[in-house]
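# A look at the structure
Letter by letter, the chains look like this.
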Amino acid sequence: MVTDDIVIRQATTADQAVVVALVRDAFGTGGHDPAEEVEIVVSTWASDRRLDELELVAEVDGVVVGHVLCALGDLEGTALPSVAPLAVAPTAQGRGIGTALVTEVVRRAETAGYPALVLLGSDRYYRRFGFEPAGTVGVVYAPVGPASPYFQIRRLAGFGPSLRGEFAYHWELGR
Ligand SMILES: CC(C)(COP(=O)(O)OP(=O)(O)OC[C@H]1O[C@@H](n2cnc3c(N)ncnc32)[C@H](O)[C@@H]1OP(=O)(O)O)[C@@H](O)C(=O)NCCC(=O)NCCS
């Protein structure tokens, strides 16, 4: 449920220190080491495959409490955005902030003309935004295999059946 005034805006370099702390906090709960998620964020910022228009922060009362980042991966020669990671500050979770960020990323990706978005995450969480297991439409992330419910795709208007095969994240492309 949305109980606050949530402002969603494109992230800037001025947000980066706050975003790193936020990602560390969001993924550092329950004994999990958040180093991998922090590394994805920092390496994406350094990559020419980052998508500035699909990096968003959520603010409540002027404080950044949520962040989502996308970058261009590869699907058999087609550049396709992946979402990684999505983070909401532990103290701000359960108030619709993740929902607002994912909804806006999907809307902006559609407007930008991308045919789909992919991600690895909870099927229970992402299916409310129209994500579905990617293997069911022939899009596969080899490390988890075609039957994984966690590698998901959100088909957009430009999606077509020729869009299938093996996906690689930008950090796996070696450039
Ligand atoms: C997952 C996360 C981004 C959700 O953000 P949020 O602002 O708390 O989510 P919202 O308020 O928009 O939505 C809350 C709903 O998501 C569900 N939810 C939250 N985290 C979830 C998870 N990891 N898996 C499945 N469902 C989840 C809640 O149960 C709630 O369900 P309901 O609407 O049926 O009551 C946030 O909890 C987070 O940053 N978690 C730690 C980092 C993480 O795991 N990120 C990757 C997401 S797969």
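So, here is what we can say about the structure in this document. (Residues numbered from 1 in each chain as written. Predicted model: local features only at pLDDT ≥ 70, side-chain atom pairs only at ≥ 80, totals over all residues. Heavy atoms only, no water.)

### As for the overall build of the chain
The condition is simple: To qualify as a helix, a DSSP run of H or I must reach at least 4 residues; to qualify as a strand, a run of E must reach at least 2; elements of each kind are numbered from the N terminus. To get the radius of gyration, use the C-alpha atoms; to get the globule rule, take the number of residues to the power 0.38 and multiply by 2.2 Å. In what follows, a contact means two residues having at least one pair of non-hydrogen atoms within 4.5 Å. Residue-level accessible areas treat just the shown protein chains as cover; the underlying method is Shrake-Rupley with a 1.4 Å probe.
A count of helices and strands for the chain gives four helices and nine strands. When the elements of the chain are put in sequence order from the N terminus, they spell out β-α-α-β-β-β-α-β-α-β-β-β-β. Taking 16 Å as the expected radius of gyration for a compact globule of 175 residues, we find that the chain reaches 15 Å, a close match to that expectation. Projecting the C-alpha coordinates of the chain onto the three principal axes gives extents of approximately 45 × 35 × 30 Å. Pairs at least 24 residues apart make up 68% of the contacts formed inside the chain by residues separated by at least 6 positions. Just so you have it, the chain exposes about 8500 Å², and 52% of that area is on carbon and sulfur atoms.

### Let's talk about the nonpolar core
Put simply, the test is: We call a set of buried Ala, Val, Leu, Ile, Met, Phe, Trp, Tyr and Cys residues a nonpolar core when their side-chain atoms join them within 4.5 Å. Burial classes: relative accessible area under 20% of the type maximum marks a residue as buried, over 50% as exposed, and values in between as partly exposed (1.4 Å probe, protein chains only).
Counting 40 residues, the largest nonpolar core has Ile97, Leu117 and Phe131 as its most contacted members. Elements with a minimum of two residues in this core: α1 (16-27), α2 (35-45), β2 (56-60), β3 (63-75), β4 (78-88), α3 (97-112) and β5 (116-120). When residues no more than four places from it in sequence are discounted, the contact partners of isoleucine 97 are Ile6, Ala58, Val60, Val65, Gly66, Val88 and Ala92. In this structure, Leu80, Val137, Phe151 and Ile153 belong to the second largest nonpolar core, which totals 14 residues.

### What about α1?
Note the threshold: Expected helix span is taken as 1.5 Å per residue step, with the number of steps being one fewer than the number of residues. Taking the helix axis as origin, the arc is that swept by the directions to the C-beta atoms.
Between its terminal C-alpha atoms α1 stretches 16 Å, which fits the 16 Å expected from twelve residues at 1.5 Å a residue. Taken as a whole, α1 has its buried residues at Val19, Val20, Leu22, Val23 and Ala26. In an axial view of α1, the angular spread of the buried residues amounts to 165 degrees, which keeps them on one side of the axis. On its buried face, α1 is in contact with α2, β2, β3 and β4.

### Notes on α3
The terminal C-alpha atoms of α3, which comprises 16 residues, lie 22 Å apart, in line with the 22 Å expected from a rise of 1.5 Å per residue. Residues of α3 that are buried: Ile97, Gly98, Leu101, Val102, Glu104, Val105, Val106 and Ala109. Glycine 113 sits one or two residues past α3 and shows a positive phi near 90 degrees.

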